[in-house]
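Observations on the three-dimensional arrangement
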Amino acid sequence: MEPRPRSFYLLTAFFVLFVVFLYGPTITIGILSFQGPQGGLTFPMRGVSTYWFHNLFQQQAVGDIWGAFRRSFALGLMVMVATVVISVMAGLAFRKRFFGSGALFYLTIASLVIPSILISLGVGLIFNQIGARVHWSTSGLGAQLTWTLPFGLLIMFAVFNRFDKRFEEAARDQGATPWQTIRHVVLPIIAPSILGVALFGFSLSYDEFARTLLTAGSYNTLPLEIFGMTTNVTRPVIYALGTLTTVFSFLIIAGFLGTAWLLRKRREMAARRAG
Amino acid sequence: MERVHRGLTGAGPGTAGAAAPAAMPEGQAAGRGHPRSARAARGRGTVDTLQGWALASPLVIVLLAFLVLPIVMIVAVSFWQATEFAIVPAFSFENYAFLLTSSVTWRVFGATLQFALITWTLTLLIGFTVAYYLAFHIRTTAMQTILFLVCTVPFLTSNIIRMISWIPFLGRNGIANQTLIELGIIDQPLEWLLYSDFSVVLAFVHLYTLFMIVPIFNTMSRIDRSLIEAARDNGASGWQILTNVIIPLSKPGIMIGTIFVLTLVMGDFITVRFMSGSQSANVGRLISNDIALLQYPSASATSVVLLVTVLLIIGVLMRFVNIRKEL
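Since this is a predicted model, take the numbers as computed values, not measurements.

**Concerning the overall build of chain B**
Scanning chain B for helices and strands turns up 17 helices and two strands. Taking all 327 residues of chain B together, the buried fraction comes to 51%. Across chain B, the fraction of contacts at a sequence separation of at least 24, relative to all contacts at a separation of at least 6, is 66%. When the accessible surface of chain B is split by element, carbon and sulfur atoms take 65% of a total near 15,800 Å².

Here is the structure:
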């Protein structure tokens, strides 16, 4: 191996700083959430305790945190399933150029770049006008899908652009029907990427704020609930909540990544056995 | 060959161009002069179209119901009138007249563009450097993947929590002020660290640099390494390789990142509201304030102007990049 140029060390230092910038604040509130009962929003620590976490479980005066969590979790699962199914179907559709596919593609991109508050406002107005009540599981679900679907579709595009068509041709040559080819050849090959789509679907929904703001109705999702609490941040209880939801997000991400890794490992082993 | 194929499918402009390779063999055969297979190929084009729309129909339904219709609704409502108690369908330019003649609007749009430009510059510089490091200085794919994940994971956690997490750093008695006082650089805590334009931009950079890193890294990792070898063999310095080879070839990624960052910042209202402590204004906040006051027609008119601005910017940027090809 050739020796590292000096720029490598400079850039490594830059990268380390960037990672500190990225994670530093999150770690800080992680530490501060263990403040003692008399502790404030900044250092120094006045003792170490889990007081604020207990506080989170006891008091319901600030709102319905656990109800909000349950709703966010359920909505995340709904968005995840919808995103996976719709993105995979659309991804398969886009493999062949069909009449109008260009327009549909740009519409999907538009869905991504349109300011979120416009979706929130527009969906709210429509529900208002047709006399329907906005609810997180109807208008909220639809509004969040306009955010998660473009990501799902972009991932599918990246996957199918790199997809080796010879696998399919082999299946077809051996007499597989189109559905069999998809079910037994295409889907297993793209399974790790589908996990990626699922992870995006769940996480983006679980943390979504702007598109849910006017479309969730009278029952808040967790980000809305947290934002409601920020109007008067005076005690570390909000750090405790932030730490808990971040840990939850990390666990979800780790779960997905671990599953994807296992899938790959199992496939490698199967390939080795097949020799 | 492509021209032959195009003539045969010919179902419309959408199907023209680089058609799916899978359909090529039939097209070729037909091109040698078998009218019957030509008809078959045309039939296939229709079948492809039907199949395509059938598979994409759930996507179409969601986008129509929750993207197209809402925008149409906003455009319609922007011409309505608001009374004290209700909004009334009408066709009036009053909202726009008020909006476009108010100096507040222009100032707020100016501030929004300023936030967007400053954030764009910073995220581009940081994002490009990080992507360059990952793509050209990390030698194993495994390490690249790990470091790339390190950069992307925060994107999947809550933006609001990430904003809140700046409080202990930037607050009056926060880490930054305490450190600066201890070092003897300042005597008084700096007041402009939190709840200021500074903290707004800082949060934007914190939240959105990822949107630069991912597309630029993606483009960079596809640059043919032999081009860089060739440049080096011809005596180019590292800096010359960067400016003459890597940056020009990374342009598509830079464009996609730019589209992301500009639209996210232009459409934001929550970061500006929270990080400025409600002291700074941008277009998103203008809209959300109107919504809070139930002034939907006025909010809609502002939304339409914002949408047109954002679409114009994207329209210009899209001329420089073919997104579909870059994925």
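**Some words on the overall build of chain A**
Helix and strand counts for chain A stand at ten helices and zero strands. Sequence-ordered secondary structure for chain A, helices as α and strands as β, is α-α-α-α-α-α-α-α-α-α. Taken over the C-alpha atoms alone, chain A extends approximately 75 × 65 × 35 Å along its principal axes. The proportion of buried residues among the 275 residues of chain A is 53%. Across chain A, contacts joining residues at least 24 apart in sequence account for 72% of those joining residues at least 6 apart. Counting only carbon and sulfur atoms, one obtains 65% of the accessible surface of chain A, whose full area is about 12,900 Å². With 22 positive and 10 negative side-chain charges, chain A shows a spacing of 2 Å between the two charge centroids.

**A look at the packing of helix 8 (residues 178–206) of chain A against helix 10 (residues 237–274) of chain A**
Residues and elements named next belong to chain A. Contact pair helix 8 / helix 10: the axes reach a minimum separation of 10 Å and the direction vectors enclose 175°. One element, helix 8, and the other, helix 10, form an angle in the roughly antiparallel class. For the pair formed by helix 8 and helix 10, the contact residues are Pro188, Ile189, Ala191, Pro192, Leu195, Ala198, Leu199, Phe202 and Tyr206 on the first element and Thr245, Phe248, Ser249, Ile252, Ile253, Phe256, Thr259, Ala260, Leu263, Arg264 and Arg267 on the second. The class makeup of the residues in the contact of helix 8 with helix 10 is 15 nonpolar, three polar and two charged.

**Description of the interface of chain B and chain A**
Between chain B and chain A, the contact holds 96 residues from the first and 98 residues from the second. Across the interface of chain B and chain A, roughly 8,600 Å² is buried in total on both sides, 80% from carbon and sulfur atoms. Taken together, chain B and chain A are joined by zero salt bridges. The element best represented in the side of chain B that touches chain A is helix 3 (residues 35–77) of chain B, accounting for 22 residues.

**Topic: the packing of aromatic side chains**
Here the structure, examined in full by the defined rule, presents 43 aromatic pairs over all chains. Within the aromatic cluster, the residues linked to one another by ring pairs are Trp147, Phe151 and Phe200 of chain A together with Phe115, Phe155, Phe204, Tyr208, Phe211 and Phe260 of chain B.

**Thoughts on the environment of phenylalanine 43 of chain A**
Note that phenylalanine 43 of chain A resides in the loop between helix 1 (6–32) and helix 2 (51–58). Relative accessible area serves as the criterion here: at 22%, phenylalanine 43 of chain A is assigned to the partly exposed category. Expressed as a C-alpha distance, the spacing of phenylalanine 43 of chain A and isoleucine 31 of chain A, which sit twelve residues apart in the sequence, is 9.6 Å. The residues touching phenylalanine 43 of chain A, leaving out its near neighbours within four places in the chain, are Thr28, Ile31 and Leu32 of chain A together with Asn173, Ile175 and Gln178 of chain B.

**Thoughts on the pattern of salt bridges**
When the charged atoms of two side chains with opposite charge come close together, those side chains can pair. A full pass over the atoms with the stated rule returns five salt bridges over all chains. Note that glutamate 268 of chain A is salt-bridged to lysine 265 of chain A, the shortest N-O span being 3.8 Å. With glutamate 268 of chain A and lysine 265 of chain A both in helix 10 and three residues apart, the pair spans about one turn of that helix. Residue glutamate 268 of chain A is classed as partly exposed on the basis of its relative accessible area of 37%. For arginine 172 of chain B, the salt bridge goes to glutamate 191 of chain B, with nearest N and O atoms at 2.8 Å. Of this pair, arginine 172 of chain B sits in the loop between helix 8 (167–170) and helix 9 (175–182) while glutamate 191 of chain B sits in the loop between helix 9 and helix 10 (197–208), and the two are 19 residues apart along the sequence. Exposure remark for arginine 172 of chain B: the relative accessible area of 45% places this residue in the partly exposed category.

**Remarks on the nonpolar core**
Counting residues in hydrophobic clusters, the biggest one holds 180 residues, and the most contacted among them are Leu59, Leu134, Ile164, Met220, Ile246 and Ile287 of chain B. Of all the elements, helix 13 (residues 238–267) of chain B adds the most residues to this core, at 14 residues.

**Quick look at the UniProt feature "transmembrane region" (unreviewed entry) in chain A**
Those places that UniProt annotates as "transmembrane region" (unreviewed entry) correspond, in this numbering, to residues 7–34, 73–92, 104–127, 147–164, 185–206 and 237–263 of chain A. The span residues 147–164 of chain A shows a helical share of 83% and a strand share of 0%, and its end C-alpha atoms are spaced 29 Å apart.

**A closer look at the side chain of threonine 49 of chain B**
Looking at where threonine 49 of chain B falls in the secondary structure, it is placed in helix 3. A polar atom in the side chain of threonine 49 of chain B sits 3.4 Å from the backbone nitrogen of phenylalanine 99 of chain A.

About the cut-offs
Residues numbered from 1 in each chain as written. Chains lettered and ligands numbered in written order. Predicted model: local features only at pLDDT ≥ 70, side-chain atom pairs only at ≥ 80, totals over all residues. Heavy atoms only, no water. Helix = DSSP H or I, 4+ residues; strand = E, 2+ residues; numbered from the N terminus. Buried < 20%, exposed > 50% of the residue type's maximum accessible area, 1.4 Å probe, protein only. Contact = heavy atoms within 4.5 Å. Areas by Shrake-Rupley, 256 points an atom, 1.4 Å probe, with all protein chains shown as cover. Lys, Arg positive; Asp, Glu negative; His and termini not counted. Charge placed at Lys NZ, Arg CZ, Asp CG, Glu CD. Axes fitted to C-alpha atoms, helices over the stretch in contact; angles between N-to-C directions. Parallel < 35°, antiparallel > 145°, perpendicular 65-115°, else oblique. Nonpolar A, V, L, I, M, F, W, Y, C, P; charged D, E, K, R; others polar. Buried area = accessible area lost by both parts, 1.4 Å probe. Salt bridge = Lys/Arg side-chain N within 4 Å of Asp/Glu carboxyl O. Phe/Tyr/Trp six-rings, centres within 6.5 Å; stacked < 30°, edge-to-face > 60°. Core = buried A, V, L, I, M, F, W, Y, C linked by side-chain atoms within 4.5 Å. UniProt positions renumbered as here; feature names shortened; annotations may be inferred. Polar contact = N/O pair within 3.5 Å; in protein donor to acceptor, adjacent residues only side chain to side chain.

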